[in-house]
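Now for the letters of each chain:
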Protein chains: 2
Amino acid sequence: MPVPERLGFHLKRAEQALNAAKNAALRPAGLTVPQYAALLHLAQSPGISAAALARACGVTPPTMNTVLKNLQEQGLIERTPHEWHKNILETRLTAKGAQVMATADANAVRVERGLAGAFSDEERETLIALLARCVEQLEGARSA
Amino acid sequence: MPVPERLGFHLKRAEQALNAAKNAALRPAGLTVPQYAALLHLAQSPGISAAALARACGVTPPTMNTVLKNLQEQGLIERTPHEWHKNILETRLTAKGAQVMATADANAVRVERGLAGAFSDEERETLIALLARCVEQLEGARSA
DNA sequence: GTACGATAGTTAGAGTTCTAATGCGTGTCA
DNA sequence: TGACACGCATTAGAACTCTAACTATCGTAC
């Protein structure tokens, strides 16, 4: 099967280009793409557990653990024990984390807007629908 | 900007699902996705240099170096000095490598066919065109 | 009241990926 | 012929990612 006929090839290329662009946009803020993703979900759901955050970001718990460890070393987040459920660590942005997040988000949104600007509303919806179909098929085949 | 409106989110999800599916398909052969990608291009261009292989796979030379090192340790490839250009190492599949590649490719193609089967010819072309537009926009903005 | 299942968190190990920097070899150009 | 630019290969360091395995805690079911 020739490479250019493989949908996976094109999907991978697009995701790599996106990653490269986001990485460049986030570098000034000192964040990596996964770090930014974690902070983004964290800003919208303060106090979320690491496992829930991992699910939201689509990674495994050990992966999120590494990301959070790096963020904590930079002083961007803090993790405190849950009030009564002692096995849960509540994760929250620090003031510094919220500030870094704000500037990083501005740059990330700029990339997203630039990308979105390359399509009409209809094309954008089509692309999202087709990508959703990819996910559906791939995850369906996984369990079958 | 809400997460579900971000094209990047959907792109990432689709690529993750693809990667998970391919990884599961390649596990029986003992290969990772990048290793398979390298072997695939290597099978089509025997004797290619590591740098050229890196470009074909869309990764940096040090990354390809790591992948090749692992493949070499498994005895799937061999690297010999170039005939007259002494700073180039020609990379080739070993017999064992070609055999592993054959079985792995069968599984990988099965995933690709399954994914392709979720779309009509027209949809497939639309998806590829839209993804190409993503790459174009993202790489264009990068240099601007 | 105890045992079990589900969930959260973590550690260990292997692999991929990047940037930055270095050394080597070839070819070109003055 | 000598200097410089270019490309290949490699090393070092940091970060992300996975699977596998383990521990701890809570809630429930017997």
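All figures in this text were calculated on a predicted structure; none of them were measured in a lab.

## Regarding the overall build of chain A
Thought 1: When helices and strands are counted, chain A shows six helices and two strands.
Thought 2: Going from N to C terminus, chain A has its helices and strands arranged as α-α-α-α-β-β-α-α.
Thought 3: Principal axes of the C-alpha set define a box for chain A whose edges measure 55 × 40 × 25 Å.
Thought 4: Residue burial in chain A is summarised as follows: out of 144 residues, 42% are buried.
Thought 5: For chain A, the proportion of contacts with a sequence separation of at least 24, taken over those separated by at least 6, is 46%.
Thought 6: With an accessible surface of roughly 7500 Å², chain A has 54% of that area assigned to carbon and sulfur atoms.
Thought 7: When the 16 positive and 14 negative side-chain charges of chain A are each reduced to one mean point, those points stand 8 Å apart.

## Overview of the protein's contact with DNA strand C
Thought 1: Taken together, 25 residues sit near DNA strand C, with A51 and L89 of chain A together with T32, T63 and N70 of chain B positioned nearest.
Thought 2: Sugar plus phosphate: this is where 71% of the atoms of DNA strand C within 4 Å of the protein reside.
Thought 3: The backbone of A51 of chain A places a nitrogen or oxygen atom 2.8 Å from a phosphate oxygen of DNA strand C.
Thought 4: The contact in question runs from a base nitrogen of DNA strand C to an N or O atom on the side chain of N87 of chain A, over 3.2 Å.

Cut-offs used in this document
- Residues numbered from 1 in each chain as written.
- Chains lettered and ligands numbered in written order.
- Predicted model: local features only at pLDDT ≥ 70, side-chain atom pairs only at ≥ 80, totals over all residues.
- Heavy atoms only, no water.
- Helix = DSSP H or I, 4+ residues; strand = E, 2+ residues; numbered from the N terminus.
- Buried < 20%, exposed > 50% of the residue type's maximum accessible area, 1.4 Å probe, protein only.
- Contact = heavy atoms within 4.5 Å.
- Areas by Shrake-Rupley, 256 points an atom, 1.4 Å probe, with all protein chains shown as cover.
- Lys, Arg positive; Asp, Glu negative; His and termini not counted.
- Charge placed at Lys NZ, Arg CZ, Asp CG, Glu CD.
- Near = heavy atom within 4 Å.
- Polar contact = N/O pair within 3.5 Å; in protein donor to acceptor, adjacent residues only side chain to side chain.

Nothing here speaks to function; it is all geometry.
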